[in-house]
Amino acid sequence: MLLFMDDSTELMHHATAKSSPIINKFSETHLKACNVIQTTSLRIALGVPIWTPNVILLKLAGQEILSGKIKRLAIQFFIKQIATQPFSALFHTPDKIYSQLVEKDAESLRITFRTLNCIPDHVISLPIFPHSNPNVCEIFLKDFYFQNKELPSSIISSDFIECIQRFFPNHFIIATDGSKSHCHTSIAGFSCLQQFCYRIHPLNSLLTAEVLAICQALDELILPETDILILSDSFSALSSLKNISFHSPKVIQRLAAKIHIRKNLNQKIALLWVPGHSGVSWNEKADSIAKQVSDFSPYIDWIASEDILSHLKKQSFQITEENYHKSKYQSLIGNIPDILTISKWTGNRVQDRLIARIISKTITTPGLLSRFNLHPDPLCRVCNEINDISHILLRCQKYASVRVTLWRKLNIVSANITYDVLLSHVLVNKNHLLIFVQTLKYFDID
Ligand SMILES: [Zn+2]
């Protein structure tokens, strides 16, 4: 159960009922015990021997270290509370954020934010009056002929102009765009009167940027007492707003609240999706303003909690990858896929376990057994070499003819290859994997 813990209910209970430390509720000894439970369960699930190194085990299972996951889930819980702030039982006002936390938890949270280079006040939180009515405004996603990416650019741009003249002749038009490159994440918007371009926190996703661009346009570019038409090339941002619910990203709920306020002032706002990079001059210009961002562009602090959480998760899985790459096993076995990828191809648990043992080099052979004093003779009687799995598959003379056939089926040209190269040929696709598994019995492996 611990392995697949992905729910913060338990944490919530601890935090609210007793105000006890969440992250440091477990001592380091307890956290280490969790890791032992995790690796033991993984060994059983993958069917590999007890001495399989943890580095290989976690990489093969595609899992993060459990103690790291427990700490991550605790931090995630607090960040979610910050994002739902007006309604969170934990935090009532931004300046009281840490007041109900135990010092150890508060410190962990401070470190997380310092590492992310932001502060809790910048996390996009729920508006005071959350709005989850899907009919917040008119959103045109596929109502017009030009709203089709398959069409040639020339048709999209000319039909767009016609559509505006016909259906939105008196609207004040604003174009928005979000942009993400390896150095900057930015938002931009412009009307016939004004324009803006801001840098935003680089952890924000493109979706967050596109929505923030619309939010900023509503704050900066709108004319009073005029009907407004906002253009965006983000289909996902607009459809997310159209299908808004309590579970929508906070930035979507912020946008909905902003539009709602305008609606109460009797101002009509419509949103129109325009296919990106299709020659519509409004969008081209918004795109180019967003890309003009530099280190000197003004900075807006907002950061989406959802993007922080996915970053933390990615980072945690990255640790498993790095530990493997730094270990000696990377050079012995090569870069291995995880068992979830493999099991999609085999669809058979016996084969999964066999492949897991092949990948982790833990197939039982005399060479391997003698390392643990379980076999008197580590040498192959025919070849007089250490009789381990690489000897059997790659070099043993007993299997020379089986090998020739297998190599041909796997498109292996060179006669002298490493274990790592063999695996890369085996794991190239489903067909190769199945051929390999079926041939193993001729190597006396099953
Ligand atoms: Zn041999």
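Residues numbered from 1 in each chain as written. Predicted model: local features only at pLDDT ≥ 70, side-chain atom pairs only at ≥ 80, totals over all residues.

### Quick notes on helix H4 (residues 66-83)
The end-to-end C-alpha separation of H4 is 25 Å, in line with the 26 Å expected for 18 residues at 1.5 Å each. Taking burial as the measure, the 18 residues of H4 include 13 buried ones, the bulk of the element. (Helix = DSSP H or I, 4+ residues; strand = E, 2+ residues; numbered from the N terminus. Expected span 1.5 Å × (residues − 1). Buried ≥ 20, exposed ≤ 12 C-beta atoms within 10 Å, placed from the backbone.)

### Notes on unusual backbone geometry
Positive phi is not limited to glycine here, since Asn117 has a value of about 65°. Here Asn117 is to be found in the loop between helix H5 (103-116) and strand S1 (138-140). Residue classification places Asn117 among the exposed residues on the basis of 10 C-beta atoms within 10 Å. Of note, the phi angle at Lys361 is positive, near 55°, even though the residue is not glycine. Locating Lys361 in the fold gives a position in the loop between helix H14 (349-359) and helix H15 (366-371). Given 19 C-beta atoms within a 10 Å radius, Lys361 is considered partly exposed.

### Things to note about the UniProt feature "domain: RNase H type-1" (unreviewed entry) in the protein
Per the UniProt entry, the sites bearing "domain: RNase H type-1" (unreviewed entry) are residues 168-295 in this numbering. Strand forms 24% of residues 168-295 and helix 38%; the C-alpha atoms that close the span are 37 Å apart. (UniProt positions renumbered as here; feature names shortened; annotations may be inferred.)

### Observations concerning the sheet that holds strand S6 (residues 269-273)
Strand pairing in a sheet is mediated by backbone hydrogen bonds. Such pairs are either parallel or antiparallel. One open sheet holds the seven strands; their spatial order is S1-S6-S5-S2-S3-S4-S7, and the pairing between them is mixed. If you trace the sheet from one side to the other, it starts and ends with S1 and strand S7 (299-300), each paired once. Docked against the sheet, helix H10 (residues 281-291) engages strand S2 (172-180), strand S3 (185-190), strand S4 (195-200) and strand S5 (228-232), running at close to 45° with respect to S2. (Pairing = 2+ DSSP bridges. Contact = placed C-beta atoms within 7 Å. Axes fitted to C-alpha atoms, helices over the stretch in contact; angles between N-to-C directions.)

### Things to note about the packing of helix H13 (residues 339-346) against H14
Each packed pair of helices is defined by two parameters, the angle between the axes and the distance between the axes. The N-to-C vectors of H13 and H14 enclose an angle of 135°; their axes lie 9 Å apart at closest approach. Judged by the angle between their axes, H13 and H14 are oblique. Classified by chirality, the crossing of H14 by H13 is right-handed. On H14, the residues that touch Ile339, Ile342, Ser343 and Thr346 of H13 are Gln351, Asp352, Ile355 and Ala356. (Parallel < 35°, antiparallel > 145°, perpendicular 65-115°, else oblique. Left-handed = near helix turned anticlockwise from the far one by under 90°.)

### A closer look at the confidence of the model for the protein
Detail in the predicted coordinates should be disregarded across regions flagged by low pLDDT. Residues of the protein with pLDDT of at least 70 account for 91%, and the chain-wide mean is 87. A low-confidence stretch, residues 1-20 (pLDDT under 50), is modelled with 25 contacts involving residues beyond four sequence positions or located in other chains. (pLDDT = per-residue confidence, 0-100.)

### Remarks on helix H9 (residues 250-264)
For H9, which comprises 15 residues, the first-to-last C-alpha distance of 21 Å matches the rise-based estimate of 21 Å (1.5 Å per residue) to within 8%. Within H9, the full set of buried residues consists of Lys250, Val251, Ile252, Gln253, Arg254, Leu255, Ala256, Lys258 and Ile259. Where the residues of H9 are buried, they touch H4, helix H7 (206-220), helix H8 (235-242), S6 and helix H11 (305-326). Immediately downstream of H9, the backbone of Asn266 shows phi near 65°, a positive value.

### What about the nonpolar core?
Leu60, Ala188, Leu212, Ile230 and Leu255 are the most contacted members of the largest nonpolar core, which totals 93 residues. With ten residues, H4 is the largest single contributor of residues to this core. (Core = buried A, V, L, I, M, F, W, Y, C linked by C-beta atoms within 7 Å.)

### Examining the environment of Val280
Examined against the element boundaries, Val280 turns out to sit in the loop between S6 and H10. Val280 has contacts with Ile156, Ser157, Phe160 and Val274, leaving out every residue within four places of it along the chain.

### A closer look at the domain arrangement of the protein
Entries for the protein in the domain assignment read domain 1 (17-123 + 303-327), domain 2 (138-302) and domain 3 (334-441). Centre-to-centre separation of domain 2 and domain 3, based on C-alpha positions: 55 Å. (Domains from an automatic or database assignment.)

### Notes on the environment of His375
For His375, the position within the fold is in the loop between H15 and helix H16 (389-395). Note: C-alpha distance between His375 and Asn411 (36 residues apart in sequence) is 35 Å. Those residues within four positions of His375 in sequence are excluded, and the remaining contacts are Pro366, Leu369 and Ser370.

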